[in-house]
Structures are given as C-alpha cells and as structure tokens.
Amino acid sequence: MKKSILTLVVGFSLLLAGLAQANERLFVYNWSEYMPEAVIALFEKETGIKVVYTTYDANEAMYARIRLLDGKGYDLIFPSTYYVDKMRKEGLLMPLNKELLPGLVHLDPSLLNKSYDPENRYSLPYLWGSTAIGVHAGLVDASKVTAFADLWKPEYKGRVMLTNDMREVFGLALHVLGYSGNSVKEAEIAAAYEKLRDLMPSLRLFAAENQKQVLLSGEAVIGAIWNGEAYMAAEENPDIRYVYPKEGAVFWVDSMAIPKGAANPEGAHRFINFILRPEIAKMITEEIGYATPNKAAKAFLSPEVASNPTVYPDAELVHNGEFQNDVGDAILIYQRYWERLKTGR
Amino acid sequence: MHSERSFFKNGVILLVCFWLGIFVFTPNILVLITSFLERDAASFVAPRFSLGAYKTLFDPVFVSIFLASFRISLMVTLICLVAGYPFAYGIARSPRKWRRLLLVLVIIPFWTSSLVRTYALMMLMRANGLINTWLQKLGLIETPFSMLYTEGAVLFGLVYNLLPFMILPLYAAIEKMDSRLLEAAEDLGANRFQRFTRVVLPLTLPGIIAGSILVFLPAMGLFYIPDILGGSRSMLVGNLIRDQFLTARNWPFGSAASVVLTLIMALMLLAYWRSMKRFNESIIR
Amino acid sequence: MAKREKRLGRTLYMVLVYGFLYTPLVILIVYSFNAARYGSAWTGFTLDWYRSLASNQRLLEAAFHTLEVALISSCIATLIGTLAALAFYRYRFVGRKVLYTLVYIVMMSPDIVMGISLLILFILMGLPVGFLTLVIAHVTFCLPFVVVTVYARISGFDRNVIEAAKDLGADEFQTFRRVILPMIMPAVLSGWLLSFTLSVDDVIVSFFVTGPAYEILPLRIYSMVRLGVKPEVNALSTLMFAITLVSVLASQWLIKERKE
C-alpha cells in the first residue's frame, strides 16, 4: 500500500516536472566552447526560456545538416562569413526583424553591411578574427617577418606551419600574388597552387586545431595562425608574436543567423538581443578570447586587451585585409588543387 | 526428418533481413544512385544521369590517394597482427577465471574518447613533450627528437587505436582451440615451430582473418588520427570523401569514390579469403 | 625450466602491451590534476577541473547521453549480430549471400557516406532525428563487428554436436540456447565490447543522425578540441574511466560471489 502511494507521488511529481518542462525552448547550434555557460545561464534565468545547446566543429558540416533538415530543428546558428553568404543566397536563412533588435546600435559599423550580407538582413556579427602570421621570436628573428611571402624563405625550412583550411591557405597565397582571396578565376587559383607547391618542402604541418601548442613547443617557428590562438600562446610565452602581413590578412566573422525553419524565431531574436548587450558581449569576448564586434563592449574591456593589435587590429589593418566571401562553384577548382597539393602532384 | 518450419529460425531470418534490408541496403542504393547523378550547386544533386563522377576517378591524384591509404592500412594491420597475436594468445592461455577480466581491461581505455587519447599521445611525442623532456633531463639527447608529424607517428597512433579490434577476435578464436591438440602434436614429435604453423595457425585462422578485416577496413576510412599526428600533410581516402561531400559539395563524386572504394576492398577481401582457404587446406593436407 | 621461462616471457610481453595501452590514459589522468591550463609543464596539483566539470551540466548531460546510447545500441547490436552470424552459418535462405555482403559493406563504407545516407533515409521515412535515429545508426555500424567476431568463432564448430542435439529432440531455439550460445559466449562478449567501444567514440555518423536536442560527448569533445583539449575533458575522461573500471571490477567480483 505504502509502495503504491509512493509510486503515485513520484509519478505525479515527475509529471508536474515534465509539464513545467514544456516551457519555451530555444535550440542553439554553435561551435563548441564558443559561448560561456554563464551567458546561457543568465539568459535562461531572465527569460525562463530553456536553451538547448548543441555543437558542431565545421561550417560545412553544419551547412549539410541544415540543408538536409531543410532549415528546421534549430532556432539560432553561427555560420562564418562565406556560409552566411551562401546560405542567404539559397534562402536557408530567415530575415532578421530589426525592430526586435534595439541592441544593434552597440555594434561597430565598420563590421556591418559587408558584401557577404548587405545591410545585415540575415545575420549580425558575433565574434570576428583574422588569420595572419604567427612567429616564435625566441627561436627566429621576428623583426624580419613582415609579409606572407616571408614564409617561403629558406631559413624556415621544415619549420613552417599553415592552418588546415583550404580557403585560408589559398587565400594567403592569392594575397602574396596580389590577387583577391575570393578569386573565382582558375588561372589565379592555379598560380596560387604553384606558389604553394614551392612551400611544401618547407612545411612541417597543416594545423587544424591547437595551433598555439605547435608554436609554443617549437615544432614550427613561423606560419599562418588564427589571432585567438596567437593571443593565447602569447599569454603563456610573450615570445609568440602575431604579425599582420603587408599583403593583407584574411579576416573572418562568425555571425548569428536564424534558419528559415526555426520553430522559435521570437526566442532567437531575444537571445540575439541579449548577446548584443555590452556587458554580455564583454563576458563573451573575455572568456572566448576572440574580438567582439560590439563597440560599446569594447569600451569596457581592459586597456591591454582593447589596445592589443592581435585581437583588435586598427581600422587600417582591417582595410588592408580581406573578408572571406562565398566563391560559388569555384569551390570545386579550389578543392581539386587542394587535393593535388596534399598528394604532392 | 525435423520440420524446417521453426518459428525461431524464421524469426531470426526475418529480423536480419529486415534490419539489413532497411538500414544497410537502402542507404547504399541511394549512394549508388547518387554516384550516377550530376552535381547541382543548389540542391546537392540534379536528377540527370551522368558517368562524370566515375570518369574523374581515373585521375592519377585519386589513385595515389587510394594507394597511400592502402599502404598505411596494410602496415597497421600487419603490426597489429604481429603485436596482437602473442597478446591474445597470452590471455586465452591464462587461468580461466582471469580471462574475461583481462579482456575487458584491454578495452576499457578505449571507452575514453580516441581524440583525447590521441592528444595524450601527442603530449608524449611533442618536441617539448614528455619523452623528449625526460630524455633531455637524463642527458641522453641534446636536441629534442622530432617524433610528431611523421608517418611513424601516424602508424603509432593508428596501431594504438585499432589494436583491440585485432586482439578481441583473435582471442575468441584462440580460446576455442583445444590445448590437447597441442599436447598431442608435441607427443608426436613436433617442435615449437611446427606446432605453431601446423596446429595453432590453421586452427586460429578464422580469428586472424576476422581481426585483420576489423583492423584493415576501418583503417582505410580513418583520417582524423592521421591528420592530427601526421600534420594533415597527406590526403587519405577518408579526407577525400569528407571534402567532396562537405566542402566541395560534390555528392556524385564523393559517392562514386565511396562505391569504388567499397568495390576494391570487396575484391581484396575475396582474394584474401580464397588464398587463406587454400593455405588452410594445404596445411591440413 | 622451459615452461616457466615461457610463461614469464609471455607475462612480460602482456604487461608491456597493457602498459602501451594504458600509458596515454595514465597521462590524461595525471594531467587532469595539473594546475596548468595548457602545455605539458606540471605547475601544481589541483581539483579545479573536477569542480568546474561538476558544474558543467551540459558536458555531463552529453556524457550521460553517450553512455545511454552506447549501452542500448551495443546490446541490440550484439543480439542482432549474434543471430545474424547464426543465420549465416546455419540456415540456407534466399538472399543469404547478398545479406552477408551487406554486412561487410557497412564496414567498408566511410563514416561520412553512412551518416549522410542514413540521414536522408530517415528523412524519407519521416523519422524525426534524435535518440531513436541515433540508436538505429549505432546498431547498424556495430553489427558487422559482432557478426564477424561471432562467425569466426561459430565456424570452427563441430557440427556433430548440433546434430546430436537435434537427434535428441531439441528444436532450433533450444539448440541455439543450450548448445551454440554457451560455446560462442566469448565471441558474443567480445562483440559486445567492440560495439560499446565503437558507439562511445563515434563522431561523424552521430553528427548527422542526431537531433537538435540530443548532444553526445564525442561530438562535444571534437568541437572542443579546436581550442586545445581543456583539462575539464581530461577530468571527464578520467571520471568515465574510473566509473567503468569500478563497474567492471564490481561485476567481476559479483559474478565470482554468485558462483561460490
């Protein structure tokens, strides 16, 4: 008798708990370790919306899933520049309702209205960064390093690293040759391939992740690296320097966007607006390490970080560099040369 | 004569047909069909028949990618076999009450993420990693060894991750062997070498085949471990197919590469089986 | 004595191999207590990572999901796989060769291809992605490993024993349960262990077939690793290892107790 009452009570309370769970939910799909737990917790507490957070590790994988699921299942995603470009062109994104996003005013206008999303109709920047040159000043003379072209110098033979991103690697080679990193011309891409082939004997590795360890351990002394990685490496060893090349660095932006089939766009807008708050943006950039596009938040940052060119390059450096855009079907050309590069042909 | 209308038997057959039919046959038919379609920028594939994907495969670049994977997988399989056989033998011949425990102890480390363990391997092998630091501290070397981002590191990492897949099937086959046969052979005057090649080897052959298959096939498809330990300097079949499906969004080509890969591996397996059978028969004779 | 030397040599070799298998694990356990966030220098003992892990609800939830899926899939895969090996060995039926080939095709398919094709299949079937599709996918890729292992064991079988059982009046099910199954148990166990291992570590197939509400650990770790393996991951791996080790030893001890 007692047992059955107990079961009833337990069952009933579970039922109640379940009903309470039938709260509003927000499905967020993001890179891992790209949003502080504290931010999510604050949002949940303030709005009562439960954030269901899942992760991915590559834009193309996220894109494939969103495509196949026809934009349904997720309310907020974080594509990088050229995927915003591609996805909005294919109608996979829901236009943003700017009226629900008063926090927009906090954003740095120089990062808005870029060609990958004119007037930011579909996306707003979340964090941004660059790929430029990382060099271990303790092992080589860093003062001589000023351009991507320096990677080809014979004194670095066998100790060069590159990121494992096809667009970034070709991007820097195209910059060295004076072309755009978003080139769709086969002749230019082929020329970049030839240039890269000359670099291959010098190359120690393509580092897809954990690039700071490669420099810190001295496995490579110079190479292409993300600014966030360089910043973290410099915190551990100030000999690690980040150099913006003469030819212009490769810039990228991770943006917030809403898939067209989102079940909870209102909740998504609320979350975006929450992230746009200066104090929240400050929390995010301080924990994640990459630069915030939120001008108001930047004002609150400690002066060492805000004036550190590794994280916050001045406008001229940004102007000299180039943001990544979608290259459409030319991706097949890049892919073919990338395969040839990696098979040594 | 026993009636063949066994409920159990029919149920089992039905279950197997059902599962394999829906979840293996159908997706693979989809892949096969996709390999004969055309790439479409907007929706992955366009419903037009084309042999373009297969024609592209004849490019020497892809042949070399396949050969690179094949070479590595073969070496990994052989190393696992040579290293794993004595080990599986040791477990199978250990006191009965310990066997299950020993076996499970082999596999428990592999229930932690292979990625995390591979990074632990890197911590060992890095220029400022544990091995180099200790060798330098002990005064055995001056400058650090360069162990990472070499083919050796890749082989090491792959063997490390695939060894249980050789050990477990080997164990299952060796354990079955009746040790009295060995004793009988010894009594008949066979020496250690003869006992091994004429009694143990043929009897455990199914285990060897099974273990080799369970190592070789996954090894052909693995690419993240070679990428991490080898510095992504070479492209393997797994990289190629991933890139074609995700980055280039060229599904017909990716599917064609997958189909051809499967065919080649199937042919190799067939040849391997036939030759093993012949070897087995010749031993018995 | 030659026999003792042989046994010593064998034991030494086994210890060596166990050492090889466990070294990275020991490293990661040790470093889960290392105060340094990055790098291999030891800067002091700390329980910080375990503390931050305990409060990282999402990571723990992902770990729980992974274990849940792995347990269920490996049991189902072992069941179906064992029965499949039995069917291939013992029964003649239409399409037997085709189905046998299909088992191998699963092993030969690259993960990406399987992941995408299964996702498309589920979409066509109208199945919502989530726990169910995840389990189905895991069972499917674990199956061949069970089939191959069990078949290798069953194929050396003395058919006379089975015939004897039949002559004594046993039907198919009884023959299986009382004659075949006990003799293939080591292979069934091996198959289960392999399945669990595969399931716990699968990233690519799971990425495609999981649902928006169901995060599993390998995916999480994969994405985390982009920024360098955090010590919390080491702490989590250590905990998972400790839990599995304890449960295995406990079950071993329990089985011993029961036998006595």
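Residues numbered from 1 in each chain as written. Chains lettered and ligands numbered in written order. Predicted model: local features only at pLDDT ≥ 70, side-chain atom pairs only at ≥ 80, totals over all residues. Heavy atoms only, no water.

J.: It is not clear to me how the overall build of chain B should be interpreted in this structure. Could you clarify?
T.: From N to C terminus, chain B includes 12 helices and two strands. From first element to last, N terminus to C terminus, chain B shows the α and β order α-β-β-α-α-α-α-α-α-α-α-α-α-α. C-alpha atoms of chain B, sized along the principal axes, occupy 80 × 70 × 35 Å. In chain B, which comprises 285 residues, the proportion classed as buried is 56%. In chain B, the share of contacts with a sequence separation of at least 24, taken over all contacts with a separation of at least 6, comes to 68%. Accessible surface computed for chain B: about 12500 Å², of which carbon and sulfur atoms make up 67%. Treating the 26 positive side-chain charges of chain B as one cloud and the 14 negative ones as another, the clouds have centres 4 Å apart. (Helix = DSSP H or I, 4+ residues; strand = E, 2+ residues; numbered from the N terminus. Buried < 20%, exposed > 50% of the residue type's maximum accessible area, 1.4 Å probe, protein only. Contact = heavy atoms within 4.5 Å. Areas by Shrake-Rupley, 256 points an atom, 1.4 Å probe, with all protein chains shown as cover. Lys, Arg positive; Asp, Glu negative; His and termini not counted. Charge placed at Lys NZ, Arg CZ, Asp CG, Glu CD.)

J.: Please clarify how the pattern of salt bridges should be interpreted in this entry.
T.: It is possible for side chains of opposite charge to pair when their charged atoms get near one another. Counted under the stated rule, the structure contains 23 salt bridges over all chains. Lys212 of chain A is paired through a salt bridge with Glu229 of chain A; the nearest N and O atoms lie 3.7 Å apart. Remark: Glu229 of chain A occurs in helix H8 (residues 227-236) and Lys212 of chain A occurs in helix H7 (residues 211-216); sequence separation between them is 17 residues. By the burial criterion, Lys212 of chain A is buried, and Glu229 of chain A matches it. Of the charged contacts, one joins Glu175 of chain B and Arg153 of chain C as a salt bridge, the two residues approaching to 2.8 Å between their closest N and O atoms. Here Glu175 of chain B, found in helix H7 (residues 151-175), pairs with Arg153 of chain C, found in helix H6 (residues 131-154), and the two come from separate chains. Take Arg153 of chain C: its relative accessible area is 7%, and that puts it in the buried class. One continuous salt-bridge network, built from bridges that share partners, spans Glu60 of chain A together with Arg242 and Asp243 of chain B. (Salt bridge = Lys/Arg side-chain N within 4 Å of Asp/Glu carboxyl O.)

J.: Quick question: what am I supposed to make of the environment of Pro313 of chain A here?
T.: All names here are of chain A. Positionally, Pro313 belongs in the loop between helix H12 (303-306) and helix H13 (315-320). Put simply, Pro313 and Met232 are 81 residues apart on the chain and 16 Å apart in space, counted from C-alpha to C-alpha. Setting aside residues up to four positions removed in sequence, Pro313 forms contacts with Trp128, Tyr244, Phe251 and Val318.

J.: Hey, could you run me through the confidence of the model for chain C in this one?
T.: Predicted coordinates in regions of low pLDDT should not be interpreted in detail. All names here are of chain C. In the predicted model, chain C carries a mean pLDDT of 85, and the fraction of residues at 70 or more is 94%. Across chain C, the secondary-structure element scoring lowest on mean pLDDT is helix H11 (residues 231-259), at 77, and the one scoring highest is helix H5 (residues 111-125), at 93. Here the predicted complex scores 0.86 on pTM and 0.83 on ipTM. (pLDDT = per-residue confidence, 0-100.)

J.: Even after reading the chapter, I still don't get the packing of aromatic side chains, so can you show me in this structure?
T.: Ring pairs (aromatic) are described by centroid distance and by the angle formed between their planes. Overall, the coordinates contain 48 aromatic pairs over all chains when judged by the stated rule. Here the aromatic residues Tyr29, Trp31, Tyr56 and Tyr74 of chain A together with Phe207 and Phe208 of chain C are joined through ring pairs into a cluster of three or more. Above the face of the Phe253 of chain B ring, Arg336 of chain A is positioned so that its terminal group lies 5.7 Å from the ring centre. The cationic tip of Arg249 of chain B hangs over the ring face of Tyr63 of chain A; the distance from NZ or CZ to the ring centre is 5.2 Å. (Phe/Tyr/Trp six-rings, centres within 6.5 Å; stacked < 30°, edge-to-face > 60°. Lys NZ or Arg CZ within 6 Å of the ring centre and 35° of its normal.)

J.: I keep staring at the interface of chain B and chain A and nothing clicks. Help me out?
T.: The figure often quoted for interface size is the accessible area lost as the parts come together. Listed as interface residues are 37 residues of chain B and, on the opposing side, 34 residues of chain A. Interface area lost by chain B to chain A is led by Tyr149, Arg233 and Arg249 of chain B, which between them contribute 19%. Summed over the shared surface of chain B and chain A, the number is two salt bridges. Residue Glu60 of chain A pairs with Arg242 of chain B through a salt bridge whose shortest N-O separation is 3.4 Å. If you look at where chain B meets chain A, you find 11 residue pairs in polar contact (both at pLDDT 80 or more). Contributions of two or more residues to the side of chain B that touches chain A are made by helix H3 (60-92), helix H5 (114-125), helix H10 (224-230), helix H11 (237-247) and helix H12 (251-284) of chain B. Here the residues of the side of chain B that touches chain A sort into 19 nonpolar, 11 polar and seven charged. (Buried area = accessible area lost by both parts, 1.4 Å probe. Polar contact = N/O pair within 3.5 Å; in protein donor to acceptor, adjacent residues only side chain to side chain. Nonpolar A, V, L, I, M, F, W, Y, C, P; charged D, E, K, R; others polar.)

J.: Looking at this structure, how should I read helix H3 (residues 59-68) of chain A?
T.: Residue pairs spaced three or four apart in an α-helix point in one direction, given the helix's 3.6 residues per turn. Judged by how many residues are buried, H3 of chain A sits mostly within the fold: 10 of 10 residues are covered. A positive backbone phi angle near 60° is found at Asp70 of chain A, which sits one or two residues after H3 of chain A.

J.: Would you mind going over the nonpolar core with me for this structure?
T.: Note on soluble globular proteins: their nonpolar side chains tend to be buried together. The biggest cluster of nonpolar side chains holds 315 residues, and the ones touching the most others in it are Leu151 and Phe170 of chain A. The leading source of residues in this core is H7 of chain B, at 16 residues. A domain-level breakdown of this core finds at least three residues from each of domain 1 (2-128 + 252-306) and domain 2 (129-251 + 314-343) of chain A. Look past the residues within four positions of Leu151 of chain A in its chain and what remains in contact with it is Ile133, Tyr156, Val160, Leu162, Leu172, Leu199, Ile222 and Gly223 of chain A. (Core = buried A, V, L, I, M, F, W, Y, C linked by side-chain atoms within 4.5 Å. Domains from an automatic or database assignment.)

J.: Quick question: what am I supposed to make of the packing of helix H9 (residues 265-276) of chain A against helix H10 (residues 278-288) of chain A here?
T.: Between two packed helices, what matters for the description is the angle formed by their axes and the separation of those axes. Residues and elements named next belong to chain A. Taken N-terminus to C-terminus, the directions of H9 and H10 make an angle of 80°; their axes are 5 Å apart at the nearest point. In terms of axis orientation, H9 runs roughly perpendicular to H10. Seen from H9, the contacting residues are Phe274, Ile275 and Leu276; seen from H10, they are Pro278, Ile280, Ala281 and Ile284. Looking at the contact of H9 with H10 residue by residue, the classes come out as seven nonpolar, no polar and no charged. (Axes fitted to C-alpha atoms, helices over the stretch in contact; angles between N-to-C directions. Parallel < 35°, antiparallel > 145°, perpendicular 65-115°, else oblique.)

J.: Explain the environment of Arg198 of chain B to me, please; I cannot follow it from the model alone.
T.: With respect to the secondary-structure elements, Arg198 of chain B resides in helix H9 (residues 192-221). In the structure, Arg198 of chain B is positioned 16 residues away from Leu182 of chain B in sequence and 9.9 Å away in space, judged by C-alpha atoms.

J.: Whenever I open this one, the pairing of strand S6 (residues 160-163) of chain A confuses me. Can you help?
T.: If a strand is regular, its side chains alternate between the two faces of the sheet. All names here are of chain A. Across the two faces of S6 the burial is the same, with Val160 and Leu162 and Met161 and Thr163 all buried. Sheet topology note: the S6/strand S7 (residues 203-207) ladder contains four bridges and is parallel. When the sheet's bridge partners are listed, Leu162 is paired in S7 with Phe206. Judged from the two bridges that link them, S6 and strand S8 (residues 222-226) form a sheet pairing that is parallel. The partner of Met161 across the bridge, within S8, is Gly223. (Pairing = 2+ DSSP bridges.)

J.: How should the interface of chain B and chain C be read in this particular structure?
T.: Listed as interface residues are 91 residues of chain B and, on the opposing side, 89 residues of chain C. When the area that chain B buries against chain C is broken down by residue, the three leading residues are Phe8, Trp19 and Trp111 of chain B, summing to 9%. Taken together, the links from chain B to chain C amount to one salt bridge. At the junction of chain B and chain C, the tally comes to nine residue pairs in polar contact (both at pLDDT 80 or more). Counting only elements with at least two residues in the side of chain B that touches chain C, the list comes to helix H1 (7-35), H3, helix H4 (96-107), H5, H7, H9, H11 and H12 of chain B. At 18 residues, the largest contribution of residues to the side of chain B that touches chain C is made by H1 of chain B.

J.: Help me out: how do you make sense of the pairing of S8 of chain A in this one?
T.: Residues and elements named next belong to chain A. Of all five residues that make up S8, five are buried, and the element is covered over most of its length. Looking at chain direction, strand S5 (residues 123-136) and S8 are connected through five bridges and run antiparallel. Residue pairing across strands places Ala132 opposite Ile225, the latter belonging to S8.

J.: Can you walk me through the environment of Leu59 of chain C in this structure?
T.: All names here are of chain C. Turning to its location among the elements, Leu59 is positioned in helix H3 (residues 57-90). Leu59 gets classed as buried once you look at its relative accessible area, which sits at 1%. Sequence separation of Leu59 and Leu181 is 122 residues, and the distance between their C-alpha atoms is 39 Å. Sequence-distant contacts of Leu59, defined by excluding residues within four places in its chain, comprise Leu53, Leu217, Arg220, Met224 and Leu236.

J.: When you look at H9 of chain A in this model, what are you seeing that I'm missing?
T.: Residue and element names in this part refer to chain A. The end-to-end C-alpha separation of H9 is 16 Å, in line with the 16 Å expected for 12 residues at 1.5 Å each. Counting buried residues in H9 gives 10 out of 12 residues, a clear majority hidden from the surface. All buried positions along H9 are accounted for by Pro265, Gly267, Ala268, His269, Phe271, Ile272, Asn273, Phe274, Ile275 and Leu276. (Expected span 1.5 Å × (residues − 1).)

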